[in-house]
2 protein chains.
Amino acid sequence: MTDVTLREVARASGCSVATVSRVLAGTRPVGAETARKVREAAEKLGYRPNQVARALRSRSTGTVGLVLPQITNPFFPSLVREVEHALHAEGRAVLLADCDDDPEVEAARIADLLDRQVDALLIIAVDERQSRDAVGKAAAHVPLVLLDRGCGPGIADLVTTDNATGMALVLDHLVSTGRRRICFVGAAGTGSAAVERLAAYEAETKALGLHGFGPVELGDFSLEWGRAAVDRILPFRPDAVVCANDLLAIGALQRLRQLGVDVPGDIAVTGFDDIPMADLADPALTTVRQPVRALAAEAVHLLGHRLAGQNDGPRRLVRLAPELVVRASSASSASSAPRASSAPRASSAPRASSAEDTRSTRTPEVEQ
Amino acid sequence: MTDVTLREVARASGCSVATVSRVLAGTRPVGAETARKVREAAEKLGYRPNQVARALRSRSTGTVGLVLPQITNPFFPSLVREVEHALHAEGRAVLLADCDDDPEVEAARIADLLDRQVDALLIIAVDERQSRDAVGKAAAHVPLVLLDRGCGPGIADLVTTDNATGMALVLDHLVSTGRRRICFVGAAGTGSAAVERLAAYEAETKALGLHGFGPVELGDFSLEWGRAAVDRILPFRPDAVVCANDLLAIGALQRLRQLGVDVPGDIAVTGFDDIPMADLADPALTTVRQPVRALAAEAVHLLGHRLAGQNDGPRRLVRLAPELVVRASSASSASSAPRASSAPRASSAPRASSAEDTRSTRTPEVEQ
DNA sequence: ATGAAAGCGCTAACAG
DNA sequence: CTGTTAGCGCTTTCAT
């Protein structure tokens, strides 16, 4: 099974290797007849260009490194899928690096990918602070786009979900269905999801005139904390629990069921991310769906931009608006439904959540 | 940020490129003093070997292609993680290819990976039959190991879960906790999971003297079918529903709850795979956990074997025994518990499911 | 033990 | 438009 080389195709078609290369790579104009002969010979011999040789000479491997904290995080597989497809559509291949949620592993993986001459890096950073160094260094070598999670300001392009809009969609929805006694369960971490969702919750409740009602419970992004937080929140007799991600919300649902609390009758519960489990929870979880495909497309687009240009120009921050997915866990309770129109921004209509509309929330060229 | 080359290290250390190469790759014995100088120079210049150039010359990229049907299938992320880690531990990188569950895409992705000169392929085949052609062709070029799903006999090494053992564990458990009126919900497909789990169910129920009781409902591996199958099974008044995977089982749980049937009081439900959702279902799902880490390790081991050797020798079929994970969905109902010891193989003790014991079910060198 | 030289398979200059 | 010639950065004979 020895591979056919350009040279053999050249010999078989009676012209030089350069010409064959030109025909097959489409780099330069070539005579019609010559081209035909070359293609014929290549076809007959079953010629397949050796991408490694091509990469060495052309200084481009057509390969992009995708670095992520842990593929088992339920939010990532769909993102990986979209990224993989978007890149493959451009003829690029994906080198995958799973960091086991460890910034040191992340740094090592990034270095390895650079040694392998990836054309660019797409990174979902492990940690807002601890990843910064490795990411910054890598960005000096190749085009680099951060996805989903930031890494401090100005270090590289960043494509992420607009957490503020997502939280606003949730709160508008809850208020418009009559909920007023709202609590928040989130994470105390320094990651963008933890920080931004909490900030958005506080800003939005203030704007809606609900501020200062219930407790804000901060732990980590785990099922266990979701369960535990319920016990701390329940004494305040809330009618809604807003969770900073789906895992927390599912934990909360479990604990509430255990305690015999009716969801959504007594308390509405909402999540964030729309991981696959959200739809399978019982009751199915109302949540904020991240615009996964658009995130991937935008990130790949930015990469392409930097690959085509000179990898300079200002860093961009692109925020894509998510979509509210209303499911059973926040269905209107019969008693509170009539009160719907009492809050100023209670109607969710002006903040439509269709794919078209939310896409327009994109802020394409904001310098950090 | 222009990269440092071997040549520059040679000049800086006062010796030839060949020597530098030898020191850094550890290929041949080198004088201690020379080695020191070389390493020092390399260190000072921040030299990083260009893996593409190395690959071209040495005809080995240190890269393995991982081809899978759909990364969003909830069973795959943990497998990908383990494979990625196992390969990285050997200094190899993973080129990921998601096939969108389409055999044609799969064939294209495999061809692309071969063009990129992967040293080997690890494939979770999309389809038992339709993948066979592309897989067979690829196996002629590089070492190739099939993971999780077969592709017809004798085409390549295959590492997979022992479905028969898994099903036996489930049935022993159900019988030993007093269940007798057992039904099966599975898939009608031709994939190994569908076929083998059904066959194992039938063989085992026969062995246990339960054969012929309830219906065997075959659809596809979807939540919807899990729900629908419940309606078809319920008239038979079963006390247990064995499902061929977790998604089916979760669908069944949802429908049973909707109908007000008590699980596990009235009916026990079991799944297969132990996807992350299994633990979050309510009640938590009793299921069969695939030995994910061991599957990955074994697959990588076989790859290494073929990479080291000459990629000949008989095809191997390695089946690794899974582990029963008992959760709430099959807890003993108070009424049926006392009847436990009536069936011949009812005790689950002899078929222990600890990692040690099940691992020994491995059949390491079976020729297909 | 070390160096010189020959490529791996391909693309990019540079001529014609 | 096409051929000739270098050479990408490295490993590997083949000498010494």
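Residues numbered from 1 in each chain as written. Chains lettered and ligands numbered in written order. Predicted model: local features only at pLDDT ≥ 70, side-chain atom pairs only at ≥ 80, totals over all residues. Heavy atoms only, no water.

Got a sec to walk through the overall build of chain A? Specific residues and values, please.
When helices and strands are counted, chain A shows 14 helices and 13 strands. Evaluated residue by residue, chain A yields a buried proportion of 54% over its 368 residues. Of all intrachain contacts in chain A linking residues separated by at least 6 positions in sequence, the fraction that spans at least 24 positions is 73%. Taken as a whole, chain A presents about 15,600 Å² of accessible surface, with 50% of it coming from carbon and sulfur. (Helix = DSSP H or I, 4+ residues; strand = E, 2+ residues; numbered from the N terminus. Buried < 20%, exposed > 50% of the residue type's maximum accessible area, 1.4 Å probe, protein only. Contact = heavy atoms within 4.5 Å. Areas by Shrake-Rupley, 256 points an atom, 1.4 Å probe, with all protein chains shown as cover.)

Let's hear about the interface of chain B and chain A: which residues, and what values?
Counting residues at the interface gives 50 residues for chain B and 50 residues for chain A. When chain B packs against chain A, close to 4,400 Å² is buried across both sides, 60% of that on carbon and sulfur atoms. Counting the surface chain B buries against chain A, the share from its top three residues, Asp115, Arg116 and Leu280 of chain B, is 15%. Here Arg257 of chain A makes a salt bridge to Asp282 of chain B, at a shortest N to O gap of 2.6 Å. Applying the counting criterion to the chain B and chain A interface returns 28 residue pairs in polar contact (both at pLDDT 80 or more). Among the elements of the structure, helix 4 (51–58), helix 5 (76–89), strand 2 (93–98), helix 6 (103–115), helix 11 (246–258) and helix 12 (276–280) of chain B are those that each provide at least two residues to the side of chain B that touches chain A. When residues of the side of chain B that touches chain A are assigned to their parent elements, the largest contribution, seven residues, is made by helix 5 of chain B. Residues of the side of chain B that touches chain A, tallied by class, amount to 22 nonpolar, 14 polar and 14 charged. Of the strand pairs in this sheet, strand 2 (residues 93–98) of chain A and strand 2 of chain B are connected by three bridges, and their pairing is antiparallel. Residue pairing for strand 2 of chain B: Val94 of chain A is matched across the bridge by Leu96 of chain B. (Buried area = accessible area lost by both parts, 1.4 Å probe. Salt bridge = Lys/Arg side-chain N within 4 Å of Asp/Glu carboxyl O. Polar contact = N/O pair within 3.5 Å; in protein donor to acceptor, adjacent residues only side chain to side chain. Nonpolar A, V, L, I, M, F, W, Y, C, P; charged D, E, K, R; others polar. Pairing = 2+ DSSP bridges.)

Provide a residue-level description of the protein's contact with DNA strand C, including the pertinent values.
Surveying the vicinity of DNA strand C reveals 23 residues, the closest of which are Leu6 and Tyr47 of chain A together with Arg22, Gly31 and Thr34 of chain B. Arg54 of chain A is positioned with one of its side-chain polar atoms (N or O) 2.6 Å from a phosphate oxygen of DNA strand C. In the model, a phosphate oxygen of DNA strand C is placed 2.6 Å from a nitrogen or oxygen of the Arg59 of chain B side chain. Put simply, the parts of the chain that give the surface near DNA strand C at least two residues each are helix 2 (17–25) and helix 4 (51–58) of chain A together with helix 2 (17–25) and helix 4 of chain B. Of the residues belonging to the surface near DNA strand C, the class tally is ten nonpolar, seven polar and six charged. (Near = heavy atom within 4 Å.)

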